[in-house]
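Residue strings, one per chain:
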Amino acid sequence: MKNGKYRKIQMSCNRGRQYVDQMGQRSRERSSKATIKTTKPTTKEHVCGFYLTVYLRVSDGRCFVKKNQNTCWHHSHHTQVPRSLMREGAESLSNKTLETVEKMLEKNMPTNFVKEFIAIEDDIKLSDGSIEAIRRQVAMNDFEGDSSGEKLVNDLTKKEGTEFVMLTGSFDQAMQQTRVNMTRRKVLAHNKLSAPQKQSVDVDKLGNGASDHVRNVVLGLSLGDGEYLIAIAWCTAEQREWHRKFPFVFGNDETFRSNDEDRPLSRLCGLSMNGNLLPFVEAFIPSRQKWVFNWLWTVAFPSLLDPEALKKTCIILVDQDERNWEVIQSVLRTSDVYGCIAVARLCNWHKINRNFVVKVRVHKKSNEDRYFFDEVTKWLYSFSYSVKSIDQMDDSMAKLEAFCVMARKNEVSGNLVDATEKYIRESFKPDLSRLCQCYYSDIPHGNVASNSFSESNNAMLLSSANVKPNNKLNVTGRKINDAADRRYNQLKSDAVASLNKSSVAIGGKGAVGTPDSAVSQNIVDAMVKRAKLQYDLSQRHNCCVTESSDEHVNILVRPEDTNRTFNHLHPVYHQTHKVVCSKVEASDGNDYWCFSCGCNEDYHKEKCPCSHVYCALGSKPHESHFYPECTKQYEVCYGDPKYENFTRDCDVMRLNIMEYPGLLVPAGEFTVPPVDDIASVRKFLEKPADPCDVNSKLADKLDPEKVAEFKLAPRTRKRKRGSNPFTENLAQYEHIMKLIRSKEDQEFVADMFNKIEMGLYSRKRPSGDERTVTVPPGPLGVSVGYNEPGVQGARVTAV
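Here the residue index of a chain counts from 1 through its sequence in written order. Where totals are concerned, whole chains, interfaces and linings use all residues; where local detail is concerned, this predicted model gives features only for residues with pLDDT of at least 70, and gives and counts side-chain atom pairs only at 80 or more. By convention in this description, side-chain values take in all heavy atoms of the structure and omit both hydrogens and water.

Q: Explain a nonpolar patch on the surface to me, please; I cannot follow it from the model alone.
A: Each patch is built from residues that are more than 30% exposed by relative accessible area and take part in no salt bridge. Like charges join if they lie within 9 Å; nonpolar side chains (Val, Leu, Ile, Met, Phe, Trp, Tyr) join within 5 Å. Note that accessible areas follow from Shrake-Rupley with a 1.4 Å probe, and for residues the cover is restricted to the protein chains shown. Think of a salt bridge as a Lys or Arg side-chain nitrogen and an Asp or Glu carboxyl oxygen that are within 4 Å of each other. Together, F726, L730, Y733, F753, I756 and L760 make up a nonpolar patch on the protein surface, roughly 580 Å² of accessible area in all. Those elements that place two or more of their residues in the nonpolar patch are helix 25 (725-739) and helix 26 (743-764). Looking at the element boundaries, L730 is found in helix 25. Relative accessibility under 20% of the residue-type maximum defines a buried residue, over 50% an exposed one, and the middle range a partly exposed one, all with a 1.4 Å probe and only protein chains included. A relative accessible area of 31% places L730 in the partly exposed class. In DSSP terms, a helix is any run of H or I states spanning at least four residues, a strand is any run of E spanning at least two, and both are numbered starting from the N terminus.

Q: Would you mind going over the side chain of H541 with me for this structure?
A: Relative to the elements of secondary structure, H541 occurs in strand 16 (residues 541-548). Pairs of N or O atoms are called polar contacts if they sit within 3.5 Å, as long as, within protein, a hydrogen donor faces a hydrogen acceptor (for residues adjacent in sequence, only side-chain-to-side-chain pairs). Engagement of the side chain of H541 in a polar contact is seen with the side chain of S611, the distance being 3.1 Å. The contact criterion used throughout is that any non-hydrogen atoms of two residues lie within 4.5 Å. Setting aside its immediate chain neighbours within four residues, H541 contacts V557, R558, P559, E560, S611, H612 and C615.

Q: Can you walk me through the sheet that holds strand 16 in this structure?
A: Strand-to-strand pairing in sheets goes through backbone hydrogen bonds, with the strands running parallel or antiparallel. Spatially, the 5 strands line up as an open sheet ordered 16-17-19-20-21, and their pairing is antiparallel. Edge positions in the open sheet fall to strand 16 and strand 21 (663-666), since each of these has one partner strand only. On average, adjacent strands in this sheet sit at an angle of 25 degrees to one another, irrespective of strand direction. Taken strand by strand, helix 23 (residues 678-685) contacts strand 16 and strand 17 (552-559), and its axis lies near 130 degrees from that of strand 16. Strand pairing requires that DSSP identify at least two bridges connecting the strands. Every axis corresponds to a line fitted to the C-alpha atoms, with the helix fit spanning only the stretch in contact, and the corresponding angles, defined between N-to-C directions, vary from 0 to 180 degrees.

Q: Can you walk me through unusual backbone geometry in this structure?
A: Most peptide bonds are trans, and most residues other than glycine sit at a negative phi. At N466, a residue that is not glycine, the phi angle is positive and equals roughly 55 degrees. As for its position among the elements, N466 is in the loop between helix 15 (452-463) and helix 16 (473-497). For K607, which is not glycine, the phi torsion reads 70 degrees and is therefore positive. If you trace the backbone, K607 turns up in the loop between helix 19 (603-606) and helix 20 (611-617). For K607, a relative accessible area of 5% translates into the label buried.

Q: I would appreciate a short explanation of the sheet that holds strand 1 (residues 6-12) in the present structure.
A: Strand order across the open sheet formed by 3 strands is 1-2-3, with antiparallel pairing between neighbours. Among the strands making up the open sheet, the edge pair consists of strand 1 and strand 3 (63-64).

Q: Looking at this structure, I do not really get the confidence of the model for the chain. What am I missing?
A: Keep in mind that low pLDDT regions are not for reading the predicted coordinates in detail. When pLDDT is averaged along the chain, the result is 77, and 75% of the positions lie at 70 or above. Values of pLDDT, which run from 0 to 100, indicate the predictor's confidence residue by residue. Residue range residues 703-721 is modelled with pLDDT below 50. Its contacts to residues more than four positions away, or to other chains, number 38 contacts. The model gives residues 766-799 a pLDDT under 50, and that stretch makes 61 contacts with residues more than four places away or in other chains.

Q: Can you help me understand the packing of helix 4 (residues 148-158) against helix 16 in this one?
A: When two helices pack together, you describe them by how their axes are tilted relative to each other and by the distance separating the axes. For the pair helix 4 and helix 16, interaxial distance at closest approach is 7 Å and the crossing angle is 30 degrees. Taken together, the axis directions place helix 4 and helix 16 in an arrangement best described as roughly parallel. Residues S148, K151, L152, D155 and L156 of helix 4 touch helix 16, and the partners they reach there are L473, N474, G477, R478 and N481. Convention used here: angles under 35 degrees read as roughly parallel, angles over 145 as roughly antiparallel, angles from 65 to 115 as roughly perpendicular, and any remaining angle as oblique.

Q: I would appreciate a short explanation of a negative patch on the surface in the present structure.
A: Under the counting rule used here, the positive set is Lys and Arg, the negative set is Asp and Glu, and His together with the chain ends is not counted. To locate a charge, take NZ of a lysine, CZ of an arginine, CG of an aspartate or CD of a glutamate. Judged by side-chain charge, D550, E551, E585, D588 and D591 come together as a negatively charged surface patch. When you line up the elements, E585 lands in strand 19 (residues 577-585). E585 sits in the exposed class, given a relative accessible area of 55%.

This is the structure we're talking about:
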């Protein structure tokens, strides 16, 4: 090898007999750069015999080793590592810093954050692996010493502002209160599985193995002195504070697989006026027996939450657990803990989706079955939000039953119709009093029909809290509290940030400088959208003044009779509403007009005016039209000790608003309209009967005598994209272009394209003929507007 092309490098261990630092970094610290010639180690560190000769090619930087050369591969005999070659570890941290780091890791602080903290405090740069090792050690400490039940109680005791209620007992009592859930799934037709069916059974009936397992679980919840944890519920300071702000809606649900002790987790949550989820109370319970729910609703929740806020409860949404329902009904009927207007309501999602959709959809076979199933599902949901009276409920139910009768005679699977009729007859119809909107029309927040926010609260256990089934009880509790703290901190920061913001676009249209934007500056976004929707609906209403004076005005409001078509079969009801305008003198000594409407969207129920009031008032939404809890300042200041005056003013304002039957408008902002002439009033009252089903064109098709008209348009299993002439003809066009070889070919193709273009234009021109064309009908036999190409004014008749 030539010295100009290659460079010889001798590699050896830094504790070896022949060591030279070729890079020169550490060689400056040595007394000599020369190779050590002695065959014996000069110190204890020079005991490694490893050495290797490498040749570096200067041109491209590649390294080579000779095939036959003297090399020693024994890289061994290392007794210690010089500190200069070691990175500083956790043992280098001061006791104070290490204690703080352990507390941070207990709260699941990110590794990068902890790493930066250590660098600032002790000027030590730990690796990510070292920090993860400390994190694992902290996690392992949770499994040592006290039981998970005792650790959970200690954690809740140390957490500032946290209150908890627990139910304890002896070992035998804890064993007796524990139940095991058996889950079974049946195999249906075509190897499809049914929905899981759960059944609670006694532990002793399952044998010694189950008893031993439950015994070990109970032993893990020991509190010392012979006491064992049976149930525990807790509420943090932030949860109590936000419950005082928004106590109107409750959602209660239980979830499983959240802890290694197999304790069900019961969660109570609510909603803000902006639609944000608010967790209130968490509880580990031994089972879902009736006495457990009775303990929650009569002891735990009243003890943890503010008593005055509890009396403002309006509606409690629960899933279809009859034991929970019976306890809530009994508490509301015999006690005033939750106020005098609170009612319980079944969640429409649990009732319809879990009991009908999941169990009945296995019978769908054909396109007709799918169409029938989709229409029935939408029809069932309509009872929980659009049926406003008992007459409407009876009418809609009669048409739904007729639709099932008609479907049985028209190519719909008999098994599907049988299962649907059985569900309506045995499950849905008996529960209409706990589900239909007409029974909750006079309750504030009665339009909340779904307990989906409780399901979202349970989903946050996995997405936000990172709760796992093998977590101990205290670990799960700590993760839940940390997730709740992060959520409330985010809600507070969002509320503060929104104080100086207003909407720049509402409903897809620019709103800068408009009254809508001015409202959004002080009112939360969800209520602005609700008021904007009510105002837009009012623009499609007709009104008629039947009585007018300086002190009293009666206005009839009714939606316009339009030819609107709907993409569903369930009825849509319109009726006339009476808006009463009365002049009153408020507590401040000024005169106001009070607008009251008896519809389900009344001012006191929705916290903002309905469309009928906006139609009678004739003005756009204003921030004075809302309850105080709809303001942005309410989320930030209400209940805060620093803003006691604001809290007191909001309470007084709410009481003043509730003294009157409707919206108060200053006397100068409303002009008394004249009474309409008798002919106009008579014409207004001669509208179709109240309530009127404006979807009657489709409802007429539900008559069992007209079953022949029930023909469904062809539907495929998979959704197809619309036809695209360009992509369909592109391949043929490219092939034609490849065949052009001369100028004559180009002229021929251009001439043919001109003829094709003229032919397509001629097909779009009317020919003057009139023919009757038979076309396939649309859904339910509805004729469609279709003209045969080249035929003018074609009359269309369905088959």
